[in-house]
Amino acid sequence: MRLILLGPPGAGKGTQAHRLVQKHGIVQLSTGEMLRAAVAAGTPVGLKAKDIMASGALVPDEVVVGIIADRIEEPDAKKGFILDGFPRTVPQAQALDELLKKKHLKLDAVVELRVNESALLERVETRVAQMRERGEEVRIDDTPEVLSKRLASYRAQTEPLVHYYSEKRKLITIDGMMTIEQVTAAINRVLAALEADSAAKSAKKAAVQKSSKAGKAKGAKKAAGKVAKAPARKTKKAAKPTGKAAKGGKKPAAKAKTRAAGTKAAKTRKVAKKATKKSAKTAKRLTKRR
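Residues numbered from 1 in each chain as written. Predicted model: local features only at pLDDT ≥ 70, side-chain atom pairs only at ≥ 80, totals over all residues. Heavy atoms only, no water.

- The name recorded for the chain in an unreviewed UniProt entry is Adenylate kinase, from Afipia broomeae ATCC 49717.
- Of the comments in the UniProt record for the chain, the one headed Function (unreviewed entry) reads "Catalyzes the reversible transfer of the terminal phosphate group between ATP and AMP. Plays an important role in cellular energy homeostasis and in adenine nucleotide metabolism."
- UniProt lists a comment for the chain under the heading Subcellular location (unreviewed entry), and it reads "Cytoplasm". (UniProt positions renumbered as here; feature names shortened; annotations may be inferred.)

## Here we look at the packing of helix α5 (residues 90–102) against helix α8 (residues 160–167)
Think of two packed helices as two axes; the pair is described by the angle between the axes and how far apart they sit.
Then step 1. At a minimum axis separation of 9 Å, α5 and α8 run at an interaxial angle of 35°. In contact with Val90, Ala93, Gln94, Leu96 and Asp97 of α5, α8 contributes Pro160, Leu161, Tyr164 and Tyr165.
Then step 2. Among the residues making up the contact of α5 with α8, the classes are represented as seven nonpolar, one polar and one charged. (Axes fitted to C-alpha atoms, helices over the stretch in contact; angles between N-to-C directions. Helix = DSSP H or I, 4+ residues; strand = E, 2+ residues; numbered from the N terminus. Contact = heavy atoms within 4.5 Å. Nonpolar A, V, L, I, M, F, W, Y, C, P; charged D, E, K, R; others polar.)

## Brief notes about the side chain of Thr31
Then step 1. Among the structural elements, Thr31 can be located in helix α2 (residues 31–41).
Then step 2. Of the residues examined, Thr31 reaches a relative accessible area of 12% and is grouped as buried. (Buried < 20%, exposed > 50% of the residue type's maximum accessible area, 1.4 Å probe, protein only.)

## Here's the deal with the pairing of strand β5 (residues 171–175)
Then step 1. The alternating pattern of β5 places Ile172 and Ile174 on a buried face, while none of Leu171, Thr173 and Asp175, on the opposite face, is buried.
Then step 2. Of the pairings in the sheet, the one linking strand β4 (residues 109–114) to β5 comprises five bridges and is parallel in character. Residue Glu112 lies in a different strand from β5, and its bridge partner there is Thr173. (Pairing = 2+ DSSP bridges.)

## Brief notes about the UniProt feature "binding site: AMP" (unreviewed entry) in the chain
Then step 1. When the UniProt feature table is mapped onto this chain, "binding site: AMP" (unreviewed entry) is found at Thr31, Arg36, Ala57, Leu58, Val59, Gly85, Phe86, Pro87, Arg88, Gln92, Arg139 and Arg150.
Then step 2. Assignment of secondary structure puts Leu58 in the loop between α3 (44–54) and α4 (61–71).
Then step 3. Within the fold, Val59 resides in the loop between α3 and α4.
Then step 4. According to the relative accessible area criterion, Val59 is buried, its value standing at 18%.
Then step 5. Every residue in contact with Val59, bar those within four places of it in the chain, is listed here: Leu35, Ile52, Met53 and Val64.

## Regarding the packing of aromatic side chains
Then step 1. By the definition in use, this model includes one aromatic pair.
Then step 2. Centroid distance Tyr164 to Tyr165: 5.1 Å. Interplanar angle 80°. Geometry classified as edge-to-face. The same class applies to Tyr164 and to Tyr165, which are both buried. (Phe/Tyr/Trp six-rings, centres within 6.5 Å; stacked < 30°, edge-to-face > 60°.)

## Things to note about the nonpolar core
Then step 1. The biggest cluster of nonpolar side chains holds 32 residues, and the ones touching the most others in it are Ile4, Leu6, Ile68, Leu96 and Tyr165.
Then step 2. Those elements that provide at least two residues to this core are β1 (2–6), β2 (27–30), α2, α3, α4, β3 (81–84), α5 and α8.
Then step 3. Ranked by the residues each element gives to this core, the list is headed by α4, at six residues.
Then step 4. Residue contacts for Ile68: discarding those within four places in its chain leaves Met34, Leu83, Phe86 and Leu99.
Then step 5. Residues Met1, Ala11, Ile172 and Ile174 belong to the second largest nonpolar core, which totals 26 residues. (Core = buried A, V, L, I, M, F, W, Y, C linked by side-chain atoms within 4.5 Å.)

## A word on the side chain of Thr184
Then step 1. Among the structural elements, Thr184 can be located in helix α9 (residues 180–239).
Then step 2. Owing to a relative accessible area of 12%, Thr184 belongs among the buried residues under this scheme.
Then step 3. At a separation of 3.1 Å, a polar atom in the side chain of Thr184 contacts the side chain of Arg19.
Then step 4. When neighbours within four sequence positions are excluded, Thr184 is seen to be in contact with Gln16 and Arg19. (Polar contact = N/O pair within 3.5 Å; in protein donor to acceptor, adjacent residues only side chain to side chain.)

## Some details on the UniProt feature "binding site: ATP" (unreviewed entry) in the chain
Then step 1. Mapped onto this numbering, the UniProt entry annotates "binding site: ATP" (unreviewed entry) at Gly10, Ala11, Gly12, Lys13, Gly14, Thr15, Arg134 and Met178.
Then step 2. Structurally, Lys13 can be placed in helix α1 (residues 13–24).
Then step 3. The contacts of Lys13, once residues within four sequence positions are left out, are Leu5, Leu6, Gly7, Pro8 and Leu113.
Then step 4. Topologically, Arg134 is positioned in the loop between α6 (117–133) and α7 (144–158).

## Describing the pattern of salt bridges
Then step 1. Tallied over the full model, the rule gives 11 salt bridges.
Then step 2. Among the ionic pairs, Lys168 bridges to Asp97, the shortest N-O distance being 3.9 Å. With a gap of 71 residues between them, Lys168 in the loop between α8 and β5 and Asp97 in helix α5 connect regions that are remote in the sequence.
Then step 3. Among the charged side chains, a salt-bridge network with shared partners connects Arg71, Glu74 and Asp76. (Salt bridge = Lys/Arg side-chain N within 4 Å of Asp/Glu carboxyl O.)

## Looking at the sheet that holds β4
Then step 1. Read from one edge of the open sheet, five strands run β2-β3-β1-β4-β5, paired in parallel fashion. Strands at the two margins of the open sheet, each flanked by one partner only, are β2 and β5. On average, each strand axis in the sheet is inclined to that of its neighbour by 25°, with strand direction left out of account.
Then step 2. As defined by bridge partners, β1 adjoins β4 across four bridges and the pair is classed as parallel. What sits directly across from Leu3, in β4, is Ala109.
Then step 3. Its contacts with the sheet place α8 against β1, β4 and β5, and it is angled at close to 145° to β1.

Right under this line is the structure:
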């Protein structure tokens, strides 16, 4: 399963990503962690990113996409992954689509955790106040002021992805203001429905392919039968003369038989005639003697 989690800071993406990893046996891919790992490993893309990061500039999209391309080839990502922190913009989403297309992979779903920004700010303010009351140190990036800036950045850059993936029929919107357990249950229900639908489509496709193969085999068998019968019919026709050829074969034989009968009759008449003459001569001699 290949997923993207969308939502503003504080929406609970990290918590839900961790639960999905445990449930489906997939990996969570954070662009920040992948960049650091690539730099540490000294890969070609990692070395390029290292020079850019050292200069203080933002790592270009093509470099990030290159790192993702290398990472999803690793064995632990074969079952699937959740992208965390990428894509952040529509151009990044388009680059990711091209990458997956080249690798003959597909994105299963984009899960958006929709929240009320005012409620998020109130949560952070309450949490910070409680931490200060307990005397705990508050992280510099975990204040209402910082959160306000991050929310504004999310609206400007990342929120357009909601429309982008909605048009591609990949978007699943979950109410992120529910409890953690309720959000988890809602995500699991939707993903289970997607898996069932995908399995049904695969079964239907396999059945169609099987039917097509059976039809082709039947057609081939029928054609082979026709080819086998054709010579036999041809031989039979050749053995049995038809038309003039058949009549021509019988006519000479009939004529020969008629000629033979005529010759025999002629011989009989000649012998009878000869016998008659001989009898007449004998009778004449006897008469003279008397």
